[in-house]
Structure formats: structure tokens, C-alpha cells
Amino acid sequence: MQDHGTEVTAAGIARLAGVGRAAVSNWRRRHADFPKPVGGTETSPSFALADVEAWLRAQGKLAEVPPRERVWQQLVGHPEGPAAALVHAGCALLLVHDRPTLWLEASAGSDERLADLLPAALDQVLDARFGPGPERAVTTPAAPRLLPS
């Protein structure tokens, strides 16, 4: 199965463009180059967010995705669901707050380097806050899932 990253429904597309869902339905019918569905159902298809953003920009219907909408789409599109995404984001925020030097070291450089260093850095913060690994209620998320697609 091909990974399309974060997916968005017609309602999400409408929020991105500041229009109603009927406008999105019209675009799908009238524009042959409108992105094809990558998931969902026939009555509620989902589209690759990156493809939709590119199409909206090309049509002059999107200048920039508002940060609130970007966060919402990333939460909803997380492979483990929005609750897991919030846990992962909270873990990263604890790291930034409690160990800013460690965060700066881990985040300096490539995404691959960050993915390698993040699990141990998060374990340090979570162990200090919630106790050692297996006994704590909060577990360290898989580092690659913390990174946006």
C-alpha cells in the first residue's frame, strides 16, 4: 500500500480554502486536474494533503495554510490517531521545556539525526517526570512518527 502522508476530506479542503464543501464538490467535477482520492470511501473520499495544497496554490485558492489548520491536519492524519499524535507532541514539548540544551543538540542537523537521538532524549525527560520506562503510564513514541511527513 502506498503511503500518501496526511490525508484530508472534502470538509478539510473546504477549511483550507475558506469555502463551503459544495465548492470542493464543484472543483472535483469541473477540474480534471483536481487531485484523485487516495483513501476513504466513495461517499467520503480522502485526498493527499500535499497534493491538495499544491492544487489549491496553483489555482490561486491558497496562499498559505494557516498554522492551526496545519496542526489539525497533522493530528487527524497521524498513523496512530489524534490521541497518539497529542501524546507524541506533548513528549516533544516536555523535552523542549525541561531539557532545552538536549533538544537543541538533538534537533541540530538532519531529520535522520533527530530520529536517531530523539528516543533516548525523550526517555530521559519521561523517566524524570513519570518514572522508569516500563512502569510509567506514558511511553516513548517511535521517533520517526514524531516527524511530519
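Since the structure is predicted, the reported quantities are computational estimates derived from the model, not experimental observations.

About the thresholds
- Residues numbered from 1 in each chain as written.
- Predicted model: local features only at pLDDT ≥ 70, side-chain atom pairs only at ≥ 80, totals over all residues.
- Heavy atoms only, no water.
- Axes fitted to C-alpha atoms, helices over the stretch in contact; angles between N-to-C directions.
- Helix = DSSP H or I, 4+ residues; strand = E, 2+ residues; numbered from the N terminus.
- Parallel < 35°, antiparallel > 145°, perpendicular 65-115°, else oblique.
- Left-handed = near helix turned anticlockwise from the far one by under 90°.
- Contact = heavy atoms within 4.5 Å.
- Nonpolar A, V, L, I, M, F, W, Y, C, P; charged D, E, K, R; others polar.
- Salt bridge = Lys/Arg side-chain N within 4 Å of Asp/Glu carboxyl O.
- Buried < 20%, exposed > 50% of the residue type's maximum accessible area, 1.4 Å probe, protein only.
- Pairing = 2+ DSSP bridges.
- Phe/Tyr/Trp six-rings, centres within 6.5 Å; stacked < 30°, edge-to-face > 60°.

1. Some thoughts on the packing of helix 1 (residues 10-17) against helix 4 (residues 67-76)
Here is step 1 of the chain: Close contact between helix 1 and helix 4 brings their axes to 10 Å; oriented N to C, the two are set at 165°. Relative to helix 4, the element helix 1 lies roughly antiparallel. Crossing handedness for the pair helix 1 and helix 4: left-handed. Packed against helix 1, whose contacting residues are Gly 12, Arg 15 and Leu 16, the element helix 4 presents Glu 69, Trp 72 and Gln 73 at the interface.
Here is step 2 of the chain: A per-class count over the contact of helix 1 with helix 4 returns 2 nonpolar, 2 polar and 2 charged.

2. Overview of the pattern of salt bridges
Here is step 1 of the chain: With the rule as written, the count across this model stands at 1 salt bridge.
Here is step 2 of the chain: A salt bridge links Arg 129 to Asp 98; the nearest nitrogen and oxygen atoms lie 2.9 Å apart. Taken together, the residues Arg 129 in helix 7 (residues 111-130) and Asp 98 in helix 5 (residues 82-98) connect sequence positions 31 residues apart.
Here is step 3 of the chain: For Arg 129, a relative accessible area of 45% puts it in the partly exposed group.
Here is step 4 of the chain: Residue Asp 98 is classed as partly exposed on the basis of its relative accessible area of 27%.

3. Some thoughts on the sheet that holds strand 1 (residues 7-9)
Here is step 1 of the chain: Strand order in the open sheet formed by 3 strands is 1-3-2, and the pairing between neighbours is antiparallel. Where the open sheet ends on each side, the last strands, each with one partner, are strand 1 and strand 2 (39-40).
Here is step 2 of the chain: As judged from the 2 bridges shared by strand 2 and strand 3 (residues 45-48), these two strands associate in the antiparallel manner. Residue pairing for strand 3: Gly 40 is matched across the bridge by Pro 45.

4. Quick word on the packing of aromatic side chains
Here is step 1 of the chain: Tallying each qualifying case throughout the model produces 3 aromatic pairs.
Here is step 2 of the chain: Taking the centre distance of 5.7 Å and the plane angle of 50° together, the rings of Trp 27 and Trp 55 count as tilted. Of this pair, Trp 27 sits in helix 2 (residues 21-30) while Trp 55 sits in helix 3 (residues 49-58), and the two are 28 residues apart along the sequence. For the residue pair Trp 27 and Trp 55, the accessibility class agrees, reading buried in each case.
Here is step 3 of the chain: Measuring from centroid to centroid gives 4.8 Å for Phe 34 and Trp 55, while their planes differ by 70°, and the two rings are edge-to-face. Placement of Phe 34 in the loop between helix 2 and strand 2 and of Trp 55 in helix 3 is noted, with a sequence separation of 21 residues between them.
Here is step 4 of the chain: For Trp 55, a relative accessible area of 5% gives the class buried.
Here is step 5 of the chain: Through a chain of ring-to-ring contacts, the aromatic side chains of Trp 27, Phe 34, Phe 47 and Trp 55 assemble into a single cluster.

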